[in-house]
Amino acid sequence: MELSIDYLVSLSDAWLPLVVKYGAQIALALLTLVVGWWLINRLTGKVGALLQRRQVDPTLHGFVGSLAAIALKAMLLISVASMAGVETASFIAMIGAAGLAVGLALQGSLSNFAGGVLILLFRPFRVGDWIEAQGVSGSVAGIQIFHTTLKTGDNKTVIVPNGSLSNGIITNYSREATRRADINIGIDYNSDIKRAREVLLGLAQDARVLRDPEPAVFVTALADSTVNLSLRVWVATGDFWPVTFEFTELAKERLTAAGIEIPFPQRVLHVRQAPAL
């Protein structure tokens, strides 16, 4: 009996410091895990609310929140394991190597993914906008995480990867409320420029033409066969193409009715006769 008591006393003397030491570490690690997990959930909820206030696409809310939660919780678990006395250096190295291998294998897809996130966050264009990018122009039919779908004017569907789209030049024709329509036409060198300007400005009396900025007609070039004039009017973006097409036709009709010629390309030949020998 005395042996067993002495054995228990010696055993407690040997284990008690270890229990105190590692028990405190484990308790602190568990407390850190609980508090950290709660803070991460609160933080990801705030991120979702921020994206919603900035009117980011709803499809991105849950995705960004989940991605942030996974990354933060993975870091928290590694930190908690390190606090509990677990050697994490080799584990972190293994995760880094695996991440590098996956990144190299999926670098094209990851580039498109990153481009999609940037497009959805910063909104250089929206669904319904008419844009020109990567040599293609069309109406934006949909924005996905990896690609953007465009509908061309002749009703073709074009799939553009978001990686190249986000890193290239994008021309958004729908972003501004107004656009300038330029009606370019050439008249004969013998025609009266002032009269031609009056005829073209008469087209600007259309109700779709804005008064500010004021419509104007400029001489843009003295070409080989014509004096080139440009009627420049500002219209609502939705009226740009109808006004451009209609005014081009009307300009020809009204200039012809006013006796102002629109010549075809001409070439003047000077024939010189060689003197008789």
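Below is a summary of the structure that appears in this document. (Residues numbered from 1 in each chain as written. Predicted model: local features only at pLDDT ≥ 70, side-chain atom pairs only at ≥ 80, totals over all residues. Heavy atoms only, no water.)

### So, the packing of aromatic side chains
Line of reasoning, step 1. One pass over the full model with this rule turns up 3 aromatic pairs.
Line of reasoning, step 2. Both rings, one in F113 and one in F146, keep their centres 6.3 Å apart while their planes meet at 45°; by these two values the pair is tilted. Remark: F146 occurs in the loop between β2 (136–143) and β3 (147–151) and F113 occurs in helix α4 (residues 107–122); sequence separation between them is 33 residues.
Line of reasoning, step 3. Three or more aromatic residues joined by ring pairs make a cluster, and in this case those are F240, W241 and F245.
Line of reasoning, step 4. Sitting above the plane of the F240 ring, R179 keeps its charged end 3.7 Å from the centroid. (Phe/Tyr/Trp six-rings, centres within 6.5 Å; stacked < 30°, edge-to-face > 60°. Helix = DSSP H or I, 4+ residues; strand = E, 2+ residues; numbered from the N terminus. Lys NZ or Arg CZ within 6 Å of the ring centre and 35° of its normal.)

### Some words on the nonpolar core
Line of reasoning, step 1. Grouped together as the largest cluster of nonpolar side chains are 22 residues, with contacts concentrated most on I187, L200, L229, L231, V233, F247 and L255.
Line of reasoning, step 2. Each residue touching L200, except ones within four places of it in the same chain, is listed here: I185, V217, L229, L231, A251 and L255.
Line of reasoning, step 3. The next biggest cluster of nonpolar side chains, apart from the first, holds 14 residues, and it includes A133, I143, I145 and V158. (Core = buried A, V, L, I, M, F, W, Y, C linked by side-chain atoms within 4.5 Å. Buried < 20%, exposed > 50% of the residue type's maximum accessible area, 1.4 Å probe, protein only. Contact = heavy atoms within 4.5 Å.)

### Considerations on the environment of T178
Line of reasoning, step 1. Along the chain, the position of T178 falls in strand β6 (residues 178–187).
Line of reasoning, step 2. The partly exposed category is assigned to T178, whose relative accessible area is 34%.
Line of reasoning, step 3. The spacing of T178 and T237 is 59 residues in sequence and 4.7 Å in space, taken between C-alpha atoms.
Line of reasoning, step 4. Apart from residues no more than four positions distant in its own chain, T178 is found in contact with L210, W234, V235, A236 and T237.

### Details of helix α6 (residues 193–203)
Line of reasoning, step 1. Along α6, the positions that sit buried rather than exposed are A196, V199, L200 and L203. Looking straight down α6, one finds its buried side chains confined to an arc of 95°; they lie on one side. Residues of α6 that are exposed and point over 90 degrees away from its buried face: K194 and E198.
Line of reasoning, step 2. Those residues of α6 hidden inside the fold are in contact with β6, β7 (216–222), β8 (227–236) and α7 (240–257).
Line of reasoning, step 3. Its side-chain oxygen placed 3.0 Å from the backbone nitrogen of K194, D192 serves as the N-cap of α6. (Arc of directions from axis to C-beta. Polar contact = N/O pair within 3.5 Å; in protein donor to acceptor, adjacent residues only side chain to side chain.)

### Focus on the pattern of salt bridges
Line of reasoning, step 1. The full count for this structure, using the stated rule, is 5 salt bridges.
Line of reasoning, step 2. Among the salt bridges present, the one from R208 reaches D206, with a minimum N-O distance of 3.0 Å.
Line of reasoning, step 3. Classification of R208 as partly exposed rests on a relative accessible area of 22%.
Line of reasoning, step 4. Several salt bridges share partner residues, and in doing so they unite D206, R208 and E246 into one network. (Salt bridge = Lys/Arg side-chain N within 4 Å of Asp/Glu carboxyl O.)

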